[in-house]
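Examination of the molecular architecture
Here is how the chains run, residue by residue.
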Amino acid sequence: MTQETGGFASLGLHPTIVAAVIATGYEEPSAIQQQSIPIILAGHDMIGQAQTGTGKTAAFALPILSRIDPSKREPQALILAPTRELALQVATAFETYAKQMPGVTVVAVYGGAPMGPQLKAIRNGAQIVVATPGRLCDHLRRDEKVLATVNHLVLDEADEMLKLGFMDDLEVIFKAMPETRQTVLFSATLPQSIRAIAERHLKEPHHVKIQTKTQTVTAIEQAHLLVHADQKTSAVLRLLEVEEFDALIAFVRTKQATLDLASALEAKGYKAAALNGDIAQNQRERVIESLKDGRLDIVVATDVAARGLDVPRITHVFNVDMPYDPESYVHRIGRTGRAGREGRALLLVTPRERRMLQVIERVTGQKVAEVRLPDGQAVLDARIRKLTNSLAPLVGDAESTHGDLLDRLTADIGCSPRALAAALLRKATNGQALTLDAVQAEQPLVPNNAPRERSTSDRPERGDRERRAPMPLGEGRARCRTALGARDGIAAKNLLGAILNEGGLAREAIGRIQVRDSFSLVELPEDGLEKLLTKLKDTRVAGKQLKLRRYRED
Ligand code: ADP
Ligand code: MG
C-alpha cells in the first residue's frame, strides 16, 4: 500500500493525530484510509465498502478526531457498532489515536453494564460516544437530548447491525440527532436494506469501494478437506495434532455446536472456549482477552459472535461448518492474516456442500486446494516432534546435575539407563499413544474422505487402506457409552477386543470407537442391543467394569 504521496502526513489530518498514528506503528494508510480520510475531513457524507481487516476503524476515527473541538465538553461524534466487542474495540482505537489530544474522552455505551456510569460519562463531556444501537435507545428513552449536540455519525459494520435487527433502533437514533450532522456508513456488503438507509439518511454521499478480496485472501493459505458431517469433531482433533498453530478460531453454525466442539477440545487438553451470542457479554469479552494473552488457544465461535474480532495471534481459521455465503467465508478467514501476517484457513466440506466450495472459489477467484486428513504416521510424527521440542531444552547440563543419581538408581533398581529413561518417558507422556499401532488403534474413526469419484492415481493413504473405515452412525446403529476412558488406560483396541470376545459379534457389526479421557463411545447394532448389553454386563476391561449403556446425545 505504498503511496507516493507520503503517508498519513499528506492526508490533511491534525498533526497531533498523525503523530499518534505513527506512534502506534502504522507506516502507511491502507487503501480505505487513503480514500476516506480526505472525504470525511471535508465534511461530506460517505458510504465506504471494504472487507474486514482493511483498516476501516482508523479510516473514520482519524478524520473525526481531527474535526472535533476538544475544548467543547459535549458529545460531538457517535459511532454505532453492532456488538459490545466491536464497540469496545472501536472505543479503544479512538483512545489510542487520541492519546496526544488532552481533553478528549471516549465513552463506550453497550448493554450488560449499568446505565448510570455511561450516562454520567456522556454528561461529563465525552466528545466521542461509541455505542450499540439497543443500549443507546435505552438512554434516549430516559433522556431524549443526549445526542442533541452530535454532528458526526458513523455506522460501522452497517450490514451486521441490520442482520442483528437494529433497523428500528437506528431510525430512533437518526431522529435524535441534528439534521445537519455528517453521516458516514461503513459496510462490508451493500444489500438493498443498506442502500435504502443511505438514501433516506445520507446527503449526497461519496462512495468509496475497495476491492480487497484478493488482497485480503492472499496472505492466507487456504485448503479444504472432505469429511462426513458426523466426523467433523474427530477430523478437527486429528488436524490439530499436526497443524502448528499459535491461536485458532473454529467457526460453526450453531450455539450448541460451539459448546460441543469446545468441550471436545477441552477434553483433549486444549485451552479452548466457546463464543456465541448466548454467552453473557462480559464473559465473551473475557474469552477474547484470554485468546489475546494466551490463556486460551482455541475459540469456537458463530459468525455473529466473532464478527470483527481482531486478535493478531490467530494463525489458523477452521471452518468446521460451511459459511452461509462466500462473503462470510472471506470475513471468517480474515480473522487470521491480520495486518499482513500469514495465516492458514481450513474448510471442512461435506459431500453435499461441494457446490458451495465451488461458489467460494469462483467469488474469491482462488482455488482452495484439497488436503487429506493426516494419517496415523503423520499424527505420530507430529507427537514425536512435539515431544522432541519439549525435551530438547531440558537436556542442558542435566547429566552433570543428575547423572550420578541416574547411576545410583540404575544400580539400585538393577536396570539399564535405557530402561529407566523409557520408564521416565512413559510417565512423562502420560499414556499418550506413541507408536504407530497405538496411534492407529486410538484413531480408527475417520475415513480419509467422503466417497467421491476419484482418479486411480488419487489413492487413499496407507493408514486408511489398512483400516477400512466403519460406517457412520446411521440406520440400525446405536451409540453406547462407558465411563472408562483414556485415563483408565483404555485404548480402542481393548474395547473392541472385549466386545468381540464377550459379545460374540462380528467385527463389521461394531462401528466407530471413540476413546475420550473420561469416557468412551462405541457404535453397536441397534438390533439386539438390549441382549448384547446384558451379555456384556460383567465384562471387564483393563481390570475395570465396562458398564456399557445406550448413549443419548441430546
Ligand atoms: P476493519 O474494521 O476494516 O475490519 P480494523 O480497523 O479493525 O479493520 O483494522 C484491522 C487491523 O489493522 C487492526 O489491528 C489495526 O490496528 C490494523 N491497522 C489499521 N490500519 C493500519 C495501518 N495503516 N497500518 C498498519 N496496521 C493497520
Ligand atoms: Mg471494523
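The rules behind these values
The written sequence of each chain sets the order in which its residues are numbered from 1. Key to labels: chains lettered from A, ligands numbered from 1, both in the order written. Owing to the predicted nature of the model, reporting of local features is limited to residues with pLDDT of at least 70; listing and counting of side-chain atom pairs is limited to 80 or more, with chain, interface and lining totals taken over all residues. The basis for the side-chain values is all heavy atoms of the structure; hydrogens and waters are excluded. Going along the chain from the N terminus, every DSSP run of H or I of four or more residues is numbered as a helix, and every run of E of two or more is numbered as a strand. Only protein chains enter the accessibility calculation, which uses a 1.4 Å probe; a residue is then buried when its area is under 20% of its type maximum, exposed when over 50%, and partly exposed in between. Residue contacts are counted whenever heavy atoms from the two residues lie within 4.5 Å of one another. Each accessible area is a Shrake-Rupley estimate made with a 1.4 Å probe; only the visible protein chains count as cover when residues are assessed. Under the counting rule used here, the positive set is Lys and Arg, the negative set is Asp and Glu, and His together with the chain ends is not counted. Taken as the charge centre is NZ of Lys, CZ of Arg, CG of Asp or CD of Glu, depending on the residue. Angles run from 0 to 180 degrees between N-to-C directions of axes, and those axes are lines fitted to C-alpha atoms, restricted for helices to the stretch in contact. Under this scheme an angle from 65 to 115 degrees is roughly perpendicular, one under 35 degrees roughly parallel, and one over 145 degrees roughly antiparallel; angles in between are oblique. Should the near helix be turned anticlockwise from the far one by less than a right angle, the crossing is termed left-handed; should it be turned clockwise, right-handed. The residue classification treats Ala, Val, Leu, Ile, Met, Phe, Trp, Tyr, Cys and Pro as nonpolar and Asp, Glu, Lys and Arg as charged. All others, Gly included, are polar. If DSSP finds at least two bridges between two strands, the strands pair. Whenever two N or O atoms come within 3.5 Å, that pair is a polar contact, provided that in protein one can donate a hydrogen and the other can accept it, and provided that, for residues adjacent in sequence, both atoms are side-chain atoms. When a carboxyl oxygen of Asp or Glu lies within 4 Å of a side-chain nitrogen of Lys or Arg, that pair is called a salt bridge.

Once that is clear, we can look at the overall build of the chain. Across its full length, the chain holds 23 helices and 20 strands. By principal-axis analysis of the C-alpha atoms, the chain measures approximately 85 × 65 × 50 Å. Evaluated residue by residue, the chain yields a buried proportion of 51% over its 554 residues. Taking the intrachain contacts of the chain between residues at least 6 apart in sequence as the baseline, contacts between residues at least 24 apart amount to 76%. Carbon and sulfur atoms make up 51% of the accessible area of the chain, which totals about 26,400 Å². Positive and negative side-chain charges of the chain, numbering 74 and 69 respectively, have mean locations separated by a distance of 4 Å.

When two helices pack together, their arrangement is given by the angle between the helix axes and the distance between those axes. The geometry of helix α11 (residues 232–242) relative to helix α12 (residues 255–267) is characterised by a closest axis approach of 11 Å and an angle of 45° between their N-to-C directions. On the basis of their axis angle, the class for α11 and α12 is oblique. Crossing geometry of α11 relative to α12 is assigned as right-handed. Contacts from Thr233, Val236, Leu237 and Leu240 in α11 reach Leu261, Ala264 and Leu265 in α12. In terms of residue class, the contact of α11 with α12 is built from six nonpolar, one polar and no charged.

Moving on: the sheet that holds strand β20 (residues 549–550). Adjacent strands of a sheet pair through backbone hydrogen bonds, lying either parallel or antiparallel. What the four strands build is an open sheet, ordered β16-β17-β15-β20; its pairing is antiparallel. The open sheet has two edge strands with one neighbour each: β16 (513–515) and β20. Pairing of strand β15 (residues 477–482) with β20, which is carried by two bridges, proceeds in the antiparallel orientation. Directly across from Cys480, in β20, lies its bridge partner Arg550.

Time to look at the side chain of Thr258. Relative to the helices and strands, Thr258 is located in helix α12. A distance of 2.9 Å separates polar atoms of two side chains, one belonging to Thr258 and the other to Asn276. Among residues more than four places away in sequence, those in contact with Thr258 are Val252, Ala274, Leu275, Asn276, Val300, Ala301 and Thr302.

With that settled, consider the pattern of salt bridges. Going through the model one piece at a time under the given rule, you end up with 28 salt bridges. For Asp297, the salt bridge goes to Lys271, with nearest N and O atoms at 3.8 Å. Linking Asp297 in the loop between α13 (281–293) and β11 (298–301) with Lys271 in the loop between α12 and β10 (272–275), this pair joins segments that are 26 residues apart in sequence. Judged by relative accessible area, which is 41%, Lys271 ranks as partly exposed. Each member of the salt-bridge network shares a partner with another, and the members are Asp230, Arg479, Arg512 and Glu523.

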